[in-house]
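Single-letter residue listing:
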Amino acid sequence: MGFLSYKAVGSTGQVSDGEEGYLPVLSRRIFITESLPLPIRGPATKKFEFAKLMKSGKSDTLRHQGLTVQMVSNPSWYAIMALPYLMEYPHECSEQIFNRLYANSLARTIATSDPKIRKVFDQWKNTPALDSPMEKNQDLKSVLIEETPWLRQAQSESQARKNVGILFDDNRLNYEVARTLQKLTEMQLPDGAWPWFPGGKGNDYITLYITTGFGRLRQLGVDLDVNPAIRSLNRLDGWIDEQYREILRHARKEDNHLSPTIALYLYGRSFFLKDKPVAKIHQEAVDYFLGQARTYWLQLANRQSQGHLAIALRRFSASKAVNDPTPKDIMRSIKERSVTNEEMGMFWRDTELSWWVVPRAHRNTGVDDRGLRRSDARHPSR
């Protein structure tokens, strides 16, 4: 039915008052979306068979809601369509402020890279014709869109395009980049660290997260002031030195002490070797963990961290004009574990339960990776 409208009136015979509203009537049915990639590379003619769609006619209960075909010449458009998600992060913690900065500054670089791209975004921004009548009724939109997946699906494509058009507006981009960068700068503590939330104490993981993000943006060619990230390097180098001293005091130095956070530090630090070399006082700790990376990289729990180490080792070796074979070994190993076919491209069959999916539970704890692993063990559902 979609929705019901109701009107309630109270009357004394001489005066009356009332209100009118809407009630969504939700279906008991389950909304299922299935997709099939249709890769065509270069001039070609290909035949695709929608096997499940063909068999669906035999079902007595299945009802088709819609069939959508999307065609793009460059799949990177789907990544661009996801940028508004970062832009709309609602909280004022330093991590989400940085994510908004990341989306806006990357969008500004993309928008200025080609006049044709700018033209498309301007068209998407000014397309009210794409809106359905339901979307133009704000009362219905607020009730139905939020409650009913069928209707969210119906409006998602036009809304996504409008969001991208808004995201790439010149004035908004420049304002948001300047505003979020100023916020991050004001939140940064005197020692270079960022707290998780304003007023809190410095959080080493959040500082590492933001600093690494600045490095990625510059590597992508984004014109952005990275001085806040450079100011954080003394704090991060001090943190890695503390991890090393703890190992010397309480563990065997030759054992495996590599972790995803150590890998992230080496990766993030490698972006700024020319801006600020590692100080001599911390060099012993950094060299120790680089050695750990060369020895124990295969024992890391996830491929992302192994990729971080491959890039970090290559950059650290290049800074010292040393030929290190380990980065090539890591990349060769990652490729050997991959599967490639024409339809799916390159992917990995094994699913990894990475700690990257649970950082929110721990980011304000200030514990090291040993603490993170113990916490994960207590809360496997995370």
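What comes next concerns the included structure. (Residues numbered from 1 in each chain as written. Predicted model: local features only at pLDDT ≥ 70, side-chain atom pairs only at ≥ 80, totals over all residues. Heavy atoms only, no water.)

**Side note on the nonpolar core**
So, step 1. In this structure, Phe168, Phe214, Leu266 and Leu309 are the most contacted members of the largest nonpolar core, which totals 69 residues.
So, step 2. Among the elements that line this core, the one with the most residues is helix α4 (residues 94-111), at nine residues.
So, step 3. Those residues in contact with Phe168 that sit more than four places away from it in its chain are Ile80, Leu83, Ala107, Ile110, Ala111, Arg118, Phe121 and Leu173. (Core = buried A, V, L, I, M, F, W, Y, C linked by side-chain atoms within 4.5 Å. Buried < 20%, exposed > 50% of the residue type's maximum accessible area, 1.4 Å probe, protein only. Helix = DSSP H or I, 4+ residues; strand = E, 2+ residues; numbered from the N terminus. Contact = heavy atoms within 4.5 Å.)

**Observations concerning the environment of Asp17**
So, step 1. One can find Asp17 in strand β2 (residues 16-25).
So, step 2. Looking at Asp17, the relative accessible area reads 60%, which means it is exposed.
So, step 3. With residues near it in sequence (within four places) discarded, Asp17 still touches Ala8, Val9 and Gly10.

**Looking at the side chain of Arg172**
So, step 1. Take Arg172: it is sitting in helix α9 (residues 170-187).
So, step 2. There is no salt bridge for the buried Arg172, and the closest opposite charge comes from Glu176, which lies 4.4 Å off by N-O distance.
So, step 3. Apart from the residues lying within four places of it in its own chain, the contact partners of Arg172 are Met87, Asn104, Ile166 and Leu167. (Lys, Arg positive; Asp, Glu negative; His and termini not counted. Salt bridge = Lys/Arg side-chain N within 4 Å of Asp/Glu carboxyl O.)

**Notes on helix α16 (residues 326-336)**
So, step 1. Taken residue by residue, α16 has Thr326, Pro327, Ile330, Ser333 and Ile334 as its buried positions. The buried residues of α16 occupy an angular sector of 130° when projected down its axis, which confines them to one face. For α16, the exposed residues lying more than 90 degrees away from the buried face are Lys328, Lys335 and Glu336.
So, step 2. Residues of α16 that are buried in the fold lie against α14 (280-296) and α15 (303-319). (Arc of directions from axis to C-beta.)

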